[in-house]
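Chains, contacts and geometry: an overview
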Amino acid sequence: MVYHNLKALIKGIRACKTVADERILIQQESAAIRASFREEDSYARHNNIAKLLYIHMLGSPAHFGQIECLKLVASPRFTDKRLGYLGIMLLLDENQEVLTLVTNSLKNDMNHSNTYVVGLGLCTFANIASEEMSRDLANEIEKLLGSSNTYIRKKAALCALRVIKKVPDLTDHFISKAKSLLTDRNHGVLLAAITLVTEMCQTDDTCLNEFRNAVPLLVRNLKALVTTGYSPEHDVSGITDPFLQVKVLRLLRLLGQGDAPASETMNDILAQVATNTDSTKNVGSSILYETVLTVLDIDADSGLRVMAINILGKFLSNRDNNIRYVALNTLNKVVSMDTNAVQRHRNIILDCLRDGDISIRRRALELSYALINEHNVRVLVRELLAFLEVADDEFKTGMTTQISLAAERFAPNKRWHIDTVLRTLKLAGNFVREEILSAFIRLVAHTPELQAYTASKLYTALHADISQESLTLAAVWVIGEYSEVLLEGGIIDGDQPTHASDKDILDLLLSALDSPYANHLTRQFVLGAITKMASRHTTSVLQQERTREVLAMYTTNPELELQQRAVEYASLFTLGDLKVGVLERMPPPELKATVMGVVSENKPVGSTRGGKDGDLLGDEVTSPTPQVNGQSVQNSHDLLAEIFGSTPSSTSTSPPPASSLSTQPQKSSVQDILGLFDSSPDPASMTPALGSLSTPASAFSLPQTQAQAQVPSPRRPPQQSTAPRLTSYTAYDKNMVKITLTPQTSVARPGVVNILARFQVLGSDAASGFNFQAAVPKSQQLQMLPMSNPDVQPGTTETQQMRVIAPPGSNVRLRLRVSYTLAGQAVHDQVDFSGFPQGLTGTT
Amino acid sequence: MIRFILVQNRQGKTRLSKWYVPYDDEEKVRLRGEVHRLVAPRDQKHQSNFVEFKNHKIVYRRYAGLFFCVCVDANDNELAYLEAIHLFVEILGKSFMLSAYLTYLLADTDAFFDNVCELDLVFNFYKVYAILDEIFLAGEIEETSKDVVLSRLEELEKLE
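Quick caveat: nothing in here was measured; it's all calculated off a predicted structure.

Definitions and limits used
Residues numbered from 1 in each chain as written. Chains lettered and ligands numbered in written order. Predicted model: local features only at pLDDT ≥ 70, side-chain atom pairs only at ≥ 80, totals over all residues. Contact = placed C-beta atoms within 7 Å. Helix = DSSP H or I, 4+ residues; strand = E, 2+ residues; numbered from the N terminus. Nonpolar A, V, L, I, M, F, W, Y, C, P; charged D, E, K, R; others polar. Axes fitted to C-alpha atoms, helices over the stretch in contact; angles between N-to-C directions. Parallel < 35°, antiparallel > 145°, perpendicular 65-115°, else oblique. Left-handed = near helix turned anticlockwise from the far one by under 90°. Buried ≥ 20, exposed ≤ 12 C-beta atoms within 10 Å, placed from the backbone. Pairing = 2+ DSSP bridges. pLDDT = per-residue confidence, 0-100.

1. Remarks on the interface of chain B and chain A
Frequently, the measure chosen for interface size is the accessible area removed from exposure when the parts meet. Facing the 36 residues of chain B at the interface are 49 residues of chain A. The element contributing the most residues to the side of chain B that touches chain A is helix 2 (residues 78–95) of chain B, with six residues. Here the side of chain B that touches chain A is composed, by residue class, of 20 nonpolar, seven polar and nine charged.

Now the structure itself:
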């Protein structure tokens, strides 16, 4: 059935029992409307479009009505025009072809004698104008800006806004008119004019200078708004036209930025708004919020800035979630500039950690990280630890990282540092990043005076809870490493140390092995730990026997890694004295070369970087273990990106590393630091890589691992230092152009790496005009000689010599930029290369 | 600037959609769904009225069964847009002759804005668009005086 009008149709659709019924009805009705369109009945058209628009709103196709809308617009009747334009706004947008047809109607209607019709035209234009239409109608708009009718002026101003958004070139067109609009007395017109001017200033710097003269005028306007009493027409909960106030403040912000005289002119009024606006309601807060943003952005005097931050501080104790939310958001933006002013509101920020709204908690957390310094580290970390206990899981990884970083940076003493990390391990041991764990272990290894304390603490903690993975790993490692210290010192729990027997310790370790929480990694750790423990003279024969049995059991474990370890450890038992030597306590990792180097370069440990890799949000749950070609490219990318101040671009994908590197197995850095326990992954793959290392000192290190792996591993008997041998690494292989780099070092001059770059074309075309540039991180120096020949012929090899001087122990990283012309095509490319083995620059 | 305005009921049925930035039809459908799923389950008491949405944010306000959502730029003043939504709703209420009762109730955020009003929006959807176009234009606030908007609407009605 066909419904005679819109109302009947709506009722009909509402009466449908099921979605299917509704769909059928709409389809029938659409078909009927379509048929009716064909009859070209101008009376039915209005009705049809009204129905069609309703159908459109329900989500059914209605584009066949576009042309009919145009016909309606052409009608002399106002009702038809109105509906026609509504249809155009709903069914068309600036991307559609039909829109060009609308331009003409709009042009006619903008010149119409009836202001209501002009209004319709302006309204439609402002909402859907395309770039082309903007160019076509810019003159009409400009003319209407001077209309005597406020309603038209107001709409025209927003049309002008649309025009300059679509065609920024036309901005000049409107400047003089916009200036005169700023003096308009009508609120609506003024609001639109300020919006227009704000957009102009945002897109065009010359406009900023143009409109700086208007600052006193804007200040007067704002003053009038603030000081006039009740004005019923624009009152919102006792405040006069808050929307206009907000717009004026926003424009003042743009005009005052970086301009001292303009900022000076607005200082007073900003202070006045800030003190006189009632903040109990949302309206007032919206104005205060805008004022704060303006004060913080312009060259305001320091008293005003403090006042602004205090307003935000006051917002934090507001009952309204919205206001707390914007306050925290804004504080996060300014904390780096005005840390001290923000510090004053520390307590209330910490209170927000317990807010009912998760997004407020998240922002408060970010802010608290930013506030930590050496003076308040104890207090803030204590608060954060207390919050960690109840925090949402999604925050925990970020929190453990941030707390550990803060402890590392600002710890008043080692004991406190160890206690803090211990506590994070206990509270959120399942949410700890590898780097944090290995940093902790380094810390313990370097603090011999606290090893007994740490071991006993970990012993007690593991006794109480074996479900926290990182706690288990740390405890197992430390107990395995320092079992004799633990046996001598006993368990310090309370005042009196209680004795723990070797059986107790072994029991505990084995309970971690069999626990339901145990995983692949923890089992590997435990096997290593019990083996080490068994090699100590403090361990009784009985317990050694037990260890041997456990290992024997694991020699048939289906898990290859475990089985291999068990087999190797078990055979160590037969080697007598050698066993003791191999399993003796690990020397502490070289703090100077490794930790410091790592802290500043390789890892997100330096907390200045915290924000950049997403820790603050707590969203990067696991560190992105680089899977590319079996080497750590991720970190080096970050590093380079940081050094060169750009985010890694798509072109900076890692070059394929040398084959000897890519065959090496993936290992986590935790495993690496525990290299002692690490069964040698695959001796075959180790050898070539080791062979490529030129300095004897680094012959022990695991080439692909992080720097802390550079610990001579007693496990592996020292190999003969290999004579310097030259290995070349492919740095670039694209478009049949290949660049290889051959590093060469001398023992006499550690840190100096001579690199020979070789250029070849693999195809039949020559590459001409070759230009090869390289850059190194700031800590390193680069010297380059010219290339042997900028044109690379097929079958020949061109070379270029460079020399990198790097601090000993650091990795050589290069950003390479190449450009050449190949087969008539110019190619520009950029790659990051970090494929050289570790230890190239020697160790300290 | 406002990118779009959506009015949806609790079931996600869209009662009004206004786009100030061109999106194709598929995108519009997707955005309607996404905004509804984002906003509807939020806790009215314990959560703020702002949600980050891609590179923008949604400022929304719920009146009984209806969610009024505006998508604005990330650096826009959320609190002011919240106020703008309220202005729109107040004018809607007034122009549907429910003025006295409704505005009285609207003073309270959890005001009574039930099916009667949703139905008003349904049957007078073209009028709702007309009201919207008097308050917001080109993605910006155009007029902030209720009286100006209402008298303009009256004049337009007379011309019909």
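Now that the structure is up, let's keep going.
2. Quick look at the packing of helix 4 (residues 66–74) of chain A against helix 5 (residues 78–91) of chain A
All names here are of chain A. For the pair helix 4 and helix 5, the least separation of the axes is 7 Å and the interaxial angle reads 150°. As the angle between them shows, helix 4 and helix 5 are arranged roughly antiparallel. Considering the relative orientation of helix 4 and helix 5, their crossing is left-handed. Between helix 4, through Gln66, Cys69, Leu72 and Val73, and helix 5, the contact on the second element is made entirely by Asp80, Lys81, Leu83, Gly84, Tyr85, Gly87, Ile88 and Leu91. Of the residues in the contact of helix 4 with helix 5, the class split is seven nonpolar, three polar and two charged.

3. Focus: unusual backbone geometry
Residue and element names in this part refer to chain B. The backbone phi angle of lysine 54 is positive, close to 55°, even though this residue is not glycine. One can find lysine 54 in the loop between strand 3 (50–53) and strand 4 (56–63). With 11 C-beta atoms counted inside 10 Å, the residue lysine 54 sits in the exposed group. In the Ramachandran plot, alanine 138 falls in the positive-phi region, its phi being about 50° despite a non-glycine side chain.

4. Focus: the packing of helix 29 (residues 502–514) of chain A against helix 30 (residues 520–535) of chain A
Residue and element names in this part refer to chain A. Their axes nearest at 9 Å, the elements helix 29 and helix 30 cross at an angle of 160°. One element, helix 29, and the other, helix 30, form an angle in the roughly antiparallel class. With respect to the hand of their crossing, helix 29 and helix 30 are arranged in left-handed fashion. Contacts between helix 29 and helix 30 involve Ile505, Leu506, Leu509, Ala512 and Leu513 on the former and, on the latter, Thr522, Arg523, Val526, Ala529, Ile530 and Met533.

5. A short note on the pairing of strand 5 (residues 729–734) of chain A
All names here are of chain A. When strand 5 meets strand 6 (residues 737–746), the two strands line up antiparallel, connected through five bridges. Across the sheet, the residue bridging to tyrosine 729 is leucine 741, located in strand 6. Between strand 5 and the antiparallel strand that follows it, strand 6, lie two residues; asparagine 735 among them carries a positive phi value of about 50°.

6. Side note on the confidence of the model for chain A
When the pLDDT values of chain A are averaged, the result is 80; 83% of them are 70 or greater. Mean pLDDT values for the elements of chain A range from 33 in helix 34 (residues 591–602) of chain A up to 95 in helix 9 (residues 150–166) of chain A.

7. Digging into the confidence of the model for chain B
All names here are of chain B. On average, chain B scores 84 in pLDDT, and the residues at 70 or more come to 87%. Mean pLDDT values over the elements of chain B span from 48, in helix 3 (residues 99–106), up to 96, in strand 6 (residues 136–137). Note on residues 107–116: pLDDT is under 50 here. Beyond four places in sequence and across chains, it has 11 contacts. Under the prediction, the complex receives an ipTM of 0.90, its pTM being 0.68.

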